[in-house]
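Okay, here's what each chain looks like letter by letter:
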Amino acid sequence: MAIGRFITIEGTEGAGKSTAVATVAAWAEQHAGSVITTREPGGTRLGEELREMLLRRREAGMAAETEVLLMFAARAEHLERVIRPALAGGQWVVCDRFTDASVAYQGYGRRLGADRVEALAQWLHADITPDLTLWLDVPVDLGLQRAAGRSAPDRFEAEKARFFEAVREGYADLARRHPGRVHRIDATPELAEVTHTLQRTLETAFHGG
C-alpha cells in the first residue's frame, strides 16, 4: 500500500498560502498520485461552522482560551473525519494550516504560551505530526499590504501589526525547534521564484534532492 504523507502550509496574512497549497498539491499529485487538500479551521461541515464562528468579527470579542479550544474542537473533527482516514488509505494530505498555527497565533499572538497549546496537541494527536511544514515567511507590513485588497478583514486580519509580529516570532521559534520538519520559505520574491523554492524543498524532503 502507498504511504500517506502529511504536508502543512503555514504563514501569516498575505504570505501566499492558497497559491502554495495549489503548488504543493500539484507536485504531490505528479509524484505520489492521490492527494487531498484541506484547511484549518475547517475541512469538515462542523469545522467550517466553527471557522465562521472564529473568523466573524463581534463586538463582545472572544476570550483567548475560548478561541484556542474552538480551534482544537474543529481540529478534532478534521482529524477524525478527513486527515486520519486519508493517511491510512495512503493518500497525501496538503493542509492550509494545522497545529503550528495554533502555537503561533494563540500561543504567541494571544500570549497563552506555546507549552499550553502544545499540551492540547499532545492530547489530541500525539500520533500524527506533519511530515513536512512549509512556513511562508513575509514581513508583516508587506503581508498586510497584500491582504488589504482581498476582502473585508476578518477577526484575525483586523488585528494590529504587533499581533502579527508576535505570530511571526512564534513561527520562527517553531522553525528553530523543529528544523527537520519546519522549513522557512522566503515569500517576498515574485511568485515564480517562490514556486521554484517550494518545488525544490519538496524534492529534497521526499526524494533526497
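Heads up: the structure comes first, above all this text.
Worth saying up front: this structure is predicted, and the values here are computed from it rather than measured.

Enquirer: Describe the environment of arginine 162, listing the residues and the values that go with them.
Expert: With respect to the secondary-structure elements, arginine 162 resides in helix H7 (residues 161-177). Remark: the alpha-carbon pair of arginine 162 and methionine 62, spanning 100 residues in sequence, is separated by 19 Å.

Enquirer: Lay out the pairing of strand S3 (residues 92-96) in plain terms, naming residues and giving numbers.
Expert: On any regular strand, side chains alternate: one points to one face of the sheet, the next to the other face. When you tally the buried positions in S3, you get 5 out of 5 residues, the bulk of the element. Taking every second residue as pointing to the same face, both faces of S3 are buried, with Trp92, Val94 and Asp96 on one and Val93 and Cys95 on the other. Bridge count for strand S1 (residues 6-11) against S3 is 4 bridges, and the pairing is parallel. Considered in S3, the bridge of threonine 8 is made with cysteine 95. For strand S2 (residues 35-39) and S3, the ladder comprises 5 bridges, and the chain directions are parallel. Within the sheet, the bridge partner assigned to threonine 37 lies in S3 and is valine 94.

Enquirer: Residues and numbers for the pattern of salt bridges, please.
Expert: Within this structure, the stated rule accounts for 17 salt bridges. The partner of arginine 184 in a salt bridge is aspartate 137, with the nearest N and O atoms 2.8 Å apart. One end of the pair, arginine 184, is in strand S5 (residues 182-186); the other, aspartate 137, is in strand S4 (residues 132-137), with 47 residues separating them in the sequence. The partner of aspartate 173 in a salt bridge is arginine 176, with the nearest N and O atoms 3.8 Å apart.

Enquirer: Just give me the short version of the packing of aromatic side chains, but keep the residues and values in it.
Expert: Any aromatic ring pair is given by two values, namely how distant the centres are and how the planes are angled relative to each other. With the rule as written, the count across this model stands at 8 aromatic pairs. Note on tyrosine 105 and phenylalanine 156: the rings are 5.9 Å apart at their centroids and 80° apart in plane angle, and the pair reads as edge-to-face. In this pair, tyrosine 105 is assigned in helix H4 (residues 99-109) and phenylalanine 156 in the loop between helix H6 (140-148) and H7, connecting sequence segments 51 residues apart. With respect to class, tyrosine 105 is no different from phenylalanine 156; both count as buried. Relative to tyrosine 171, the ring of tryptophan 135 lies with its centre 6.1 Å away and its plane at 25°, an arrangement referred to as stacked. On the criterion of sequence distance, the pair formed by tryptophan 135 in strand S4 and tyrosine 171 in helix H7 is long-range, its members being 36 residues apart. We note that tryptophan 135, like tyrosine 171, is buried. By the ring-pair criterion, three or more aromatic residues cluster together here, those being Tyr105, Phe156, Phe163 and Phe164. Over the ring of phenylalanine 72 we find arginine 75; its NZ or CZ atom is 4.7 Å from the centre of that ring. Across from the ring centre of phenylalanine 98, 5.3 Å away, lies the NZ or CZ of arginine 75, which sits over that ring.

Enquirer: Would you mind going over the nonpolar core in detail, with residue names and values included?
Expert: Side chains that are nonpolar tend, in soluble globular proteins, to be buried together. Residues Phe6, Ile83, Val93, Tyr105 and Tyr171 are the most contacted members of the largest nonpolar core, which totals 40 residues. Elements supplying a minimum of two residues to this core: helix H2 (45-55), helix H3 (64-88), S3, H4, helix H5 (114-125) and H7. Element by element, the count of residues in this core is highest for H3, at 11 residues. Other than its neighbours up to four places away in sequence, tyrosine 105 contacts Gly11, Thr12, Glu13, Arg97, Arg110, Phe156, Phe163, Phe164, Val167 and Tyr171. One finds Ile7, Ala28, Val94 and Leu136 within the second-largest nonpolar core, a separate group that totals 20 residues.

Thresholds, definitions, all that
Residues numbered from 1 in each chain as written. Predicted model: local features only at pLDDT ≥ 70, side-chain atom pairs only at ≥ 80, totals over all residues. Heavy atoms only, no water. Helix = DSSP H or I, 4+ residues; strand = E, 2+ residues; numbered from the N terminus. Buried < 20%, exposed > 50% of the residue type's maximum accessible area, 1.4 Å probe, protein only. Pairing = 2+ DSSP bridges. Salt bridge = Lys/Arg side-chain N within 4 Å of Asp/Glu carboxyl O. Phe/Tyr/Trp six-rings, centres within 6.5 Å; stacked < 30°, edge-to-face > 60°. Lys NZ or Arg CZ within 6 Å of the ring centre and 35° of its normal. Core = buried A, V, L, I, M, F, W, Y, C linked by side-chain atoms within 4.5 Å. Contact = heavy atoms within 4.5 Å.

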